[in-house]
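Notes for the structure review
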Amino acid sequence: MVAAVKDTADRVRSIDVDQYRYGFETLIESEKSPKGLSEDTVRFISAKKNEPAWMLEWRLEAYRRWLTMTEPTWARVNYPKIDYQDIYYYAAPKPKKTLSSIDEIDPEILKTYEKLGIPLREVAILEGVEPPPGGEPSANRKIAVDAVFDSVSVATTFQKELKAAGVIFMPISEAIREHPELVKQYLGSVVPTSDNYFATLNSAVFSDGSFVYVPPGVRCPMELSTYFRINERNTGQFERTLIIADKGSYVSYLEGCTAPQRDENQLHAAVVELVALDDAEIKYSTVQNWYPGNSEGLGGIYNFVTKRGDCLGNHSKISWTQVETGSAITWKYPSCILRGDNSRGEFYSIAISNGHQQVDSGTKMIHFGKNTSSRIISKGIAAGKSQSTYRGLVTAHRKATGARNYTACDSLLIGDKCGAHTVPYVEAKNSSATFEHEATTSKISEDVLFYCTQRGLSQEESVGLVVNGFVKDVLQQLPMEFAVEAQKLISISLEGSVG
Amino acid sequence: MTALLEVKDLKVRVEEREILHGLTLTVNPGEVHAIMGPNGSGKSTLSHVIAGKPGYEVTDGQILFRGEDLLEMEPDERAAKGVFLAFQYPVEIPGVTTWNFLHTALNAQRKARGQSQLSSPEFLKKVREVAKSLNIPQDMLKRGVNVGFSGGEKKRNEILQMALFEPAVCILDEMDSGLDIDALRIAADGVNALRSPERAMVVITHYQRLLNYIVPDFVHVMSRGRVVKSGGKDLALELEASGYTQFDDAA
C-alpha cells in the first residue's frame, strides 16, 4: 500500500462519530403508552388525542393490515431484527396548561433548542410572537416554527399572521378535530394505509405532525418550519404530515431534525403527504441530522420514511430538497406522482454518510399526465465505513405523452472503506417520453487534497471546500435560512473524515 | 546569512524504493535555480518533498527553510511560511469558483501568519489588481478551479496564485509541459514579473527551452536521484547540445 493511502486509511479508521455534537438529553417527565403494539396501543393513542371515532377506525384498519404484512428487505441496509413489541409507541411531555406564548414552554425544552442553535426563542423575540400593536409585519423573511418535541407539538408561532392569510398550520392532531373534512379527504390519499410496511405502521400509531392547508390563490407569507427531536428513550417516533396547496397557491415548508445520543436504536417511521392542486406549488426542504450511532456503529436512529407528493392538478409543481447527514439507517424515497397535465416534480438531494451509517435513498417520479416533467439531482457523499445507495425510479404511464425526466446522480467517496451504489430503474410505456440519466462516481484524491493544502488550507478545510463545491447545485435549492445551516452541518458531518 | 532554502543530503523513498540518494541544494533570496534532468531522475520528487506531499518517506537528511525544519511542518504550514509549488498538473475542483478558492486559501494563510482576514471587497480589489498586472482575464476568476481550463490557462492560474500569495520561494514543476510556444512565453513573462531580490525560484524542467525565457542564475543537473553537476546558465546550453546521457555514468 502506498504510504499516502495508508495514511488516509488510518485517519478514516480513527473517525469518532461519538463527537456527535447534539448528543445530550433533556430531562422532562413524560407520559408513555404501555410498551408494545396491540389494538389497545392504537386505542390509547387515539384516546390521548381525543380523536373522533372515524380516526380510530382508520388507525385500527391500518393496524390490522399491518399485522398481515412483512418488513421489506430489498434495500441495501443491514440492521438487527426490530422487536416491535419492545417499543413505546407514544410519549408526550406531561400536559401542563395550554400555551399562549413561547414563554410558557418548559424552559428545559427551550434550552435544548438553544443548544441546537435553533432560533425558536430568538425568532420569537426578534419577530415577536405577538406583533407590536399597530405595527406592520416586518419586511424580513419570517419562519413560523411548529416545534414537535417528542410527539406533541408544544409551540406554534406566527399563527396570527398565517390566520390572516387564511393558511392553516397546526399539529395534525388538532386538524383532525378542527378540520375533519380536509383531513378525511386527503389523509392517506397520497400514501394509502396499505402502501408499505412502515407507512402502514405509521398510519396505525402516528402520534403527531404538521398539517398545512393553503387556500386558493394564496402565497404563504412565510416559510413554515418544523423542528423534530426524538427525546424519549426507546420511543418510536411516528410523525404524520399532510400539506395541501389549493389551486394557485404556494407554500415552502422546512423540516429539520436532530436527536440526542442513545445506546439503543430508535425506530422512526414518518409519513409525509403533499397534495398540489391546479397551478399550486409546494417546496419541501429537509435537513436531517439524527444520531448516527457511535464509532462502533452502535445506537443511532433507524429512519424509515415515506414521503410522497401528488401533483394532482394541472400545472402543479412539487419540489423535494433534502440534506441527509444523520441516522444509522436511512430508507427514504421522497417521490412525486405527476398526475396533472404539465405538472412538474423535482428532487434535490445531498446524502452524507460517515462512520457506519447506511443510506438507501432516492426518489420516484411517476409520470401519468401529459407533458409532465421531472428533474433529479442526487449527490451522495460517503466517508468512513459507510454505504450510500441511490435508488430511483422514473416511469411514464402509457398516457404520459411528452413526459421528460433528467437525472444526475453523483457520488463522492472519501477514503477507501466506504461504498457508493447507484440503482436506477427507468420504465417508459409511452414512446414519446424522454428520459436522460447521468451518473458519476469520484473520489477526493490525494492529489486534490495536496493541491488545496499546498495553497494553505488545512485537510479539513480542503475536504469542506471540495464537498461544498460538489453539492453546490443542491444547496442552491434550499431556502436561504436553511442553506447556511446545511453548509454548517455538512462540515460537522465530515469532521474527522480526514486527519 | 541564513539561506532561504537548504536541502541537505536528502534521501527519500517511495514504496521501499529510494528515489533521492543524498541531494544537496542551497537557495538564497533573489536567486533563480534551474533543476534539469531526464525523466525519472527525481526532479518532481524533490519538489513534492519540499512542499510536503504525503506518500514520501524521508530516510535521511534535512530541509531547512530560513533555518526552520520544513519536514516537521504540514503542507499548509509550509504554504503559510511562504513555500509555493506551481504544479505540473494542477487539479480541477468542480463547483468551487477560482475566486472563492483563492479567497479561502489566502485567508487561511493570513490566519496562520496572524494577519487580519480580507473581506470579500478587499480581496476582490487585490485579486483584480494582481490579475490585471499579469494580463489575466477577470472571467477566469468566476470559473470553477481549473475546470475546463486549457493547459495554458491552468499554468496562468498557478502564476496568478503565486503572485497573490507572495511566497518567499516558488518551485515551478515542469511548467513548460503541455504548453505551446506562445503559452510558454506568456507563462514565463508572468514568472519573470515576480522575480525580486527577496524571492527565490526553483525551476524544474526537462528541456532547455524554458530557460530561454526564464533565465536562471544557477543550473543543476540531476541524474538518478543526485545533483551530478552544477554551474551557471551556460550549463543548460551545454546540455541542449550534448544531452543527458553523458551523466549516466557519473551517477
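Small disclaimer: the values here were computed from a predicted structure and weren't measured.

1. Quick notes on the sheet that holds strand β5 (residues 68-69) of chain B
Residue and element names in this part refer to chain B. Ordered in space as β2-β1-β4-β5, the four strands form an open sheet in which the pairing is antiparallel. The strands lining the two open edges of the sheet, one partner per strand, are β2 (17-27) and β5. Summarising the sheet, strand β1 (residues 5-14) and β2 pair through eight bridges and their orientation is antiparallel. The residue bridging Leu5 from the neighbouring strand is Val27, located in β2. Those strands touched by helix α1 (residues 43-51) are β1, β2 and β4 (57-65), and its axis lies near 110° from that of β1.

2. Considerations on the nonpolar core
One finds A:Ile381, A:Val467 and B:Phe101 to be the most contacted residues of the largest nonpolar core, which totals 114 residues. At six residues, the largest contribution of residues to this core is made by helix α6 (residues 151-165) of chain B. Among the nonpolar cores identified, the runner-up in size contains 48 residues, and A:Leu56, A:Ile172, A:Ala269 and A:Phe304 belong to it.

3. A word on the state of the cysteines
In total, this model carries zero disulfides over all chains according to the counting rule given. Not part of a disulfide, A:Cys311 finds its nearest cysteine sulfur in A:Cys336, a span of 5.4 Å.

4. Observations concerning the interface of chain A and chain B
Contact residues are listed per partner, giving 21 residues for chain A and 33 residues for chain B. Interface area for chain A against chain B, summed over the two sides, is near 2,200 Å², with a carbon-plus-sulfur share of 68%. At the surface where chain A touches chain B, the tally comes to two salt bridges. Between B:Glu158 and A:Arg455 there is a salt bridge whose closest N-O contact spans 2.5 Å. Seen at the junction of chain A and chain B, the total is 10 residue pairs in polar contact (both at pLDDT 80 or more). At the level of elements, α1 (3-13), α10 (446-454) and α11 (459-470) of chain A are the ones that each hand at least two residues to the side of chain A that touches chain B. The leading source of residues in the side of chain A that touches chain B is α10(A), at eight residues.

5. Some words on unusual backbone geometry
Positioned with a positive phi, A:Asn342 is a non-glycine residue whose angle comes to about 60°. Mapped onto the elements, A:Asn342 comes out in the loop between β16 (335-338) and β17 (344-353). Judged by its relative accessible area of 33%, A:Asn342 falls in the partly exposed class. The phi torsion at B:Asn135 lies on the positive side, around 60°, for a residue other than glycine. Looking at where B:Asn135 falls in the secondary structure, it is placed in the loop between α4 (120-133) and α5 (139-142). The exposed category is assigned to B:Asn135, whose relative accessible area is 64%.

6. Describing the confidence of the model for chain A
All names here are of chain A. When pLDDT is averaged across chain A, the result is 79; 74% of the residues are at 70 or more. Ranking the helices and strands of chain A by mean pLDDT puts β16 first, with 97, and helix α5 (residues 120-127) last, with 38. Within the model, the stretch residues 1-21 combines pLDDT values under 50 with 41 contacts to residues more than four positions away or in other chains. Across residues 95-99, where pLDDT falls below 50, the model places seven contacts with residues more than four positions away in sequence or in other chains.

Conventions used here
- Residues numbered from 1 in each chain as written.
- Chains lettered and ligands numbered in written order.
- Predicted model: local features only at pLDDT ≥ 70, side-chain atom pairs only at ≥ 80, totals over all residues.
- Heavy atoms only, no water.
- Pairing = 2+ DSSP bridges.
- Helix = DSSP H or I, 4+ residues; strand = E, 2+ residues; numbered from the N terminus.
- Contact = heavy atoms within 4.5 Å.
- Axes fitted to C-alpha atoms, helices over the stretch in contact; angles between N-to-C directions.
- Core = buried A, V, L, I, M, F, W, Y, C linked by side-chain atoms within 4.5 Å.
- Buried < 20%, exposed > 50% of the residue type's maximum accessible area, 1.4 Å probe, protein only.
- Disulfide = S-S within 2.5 Å.
- Buried area = accessible area lost by both parts, 1.4 Å probe.
- Salt bridge = Lys/Arg side-chain N within 4 Å of Asp/Glu carboxyl O.
- Polar contact = N/O pair within 3.5 Å; in protein donor to acceptor, adjacent residues only side chain to side chain.
- pLDDT = per-residue confidence, 0-100.

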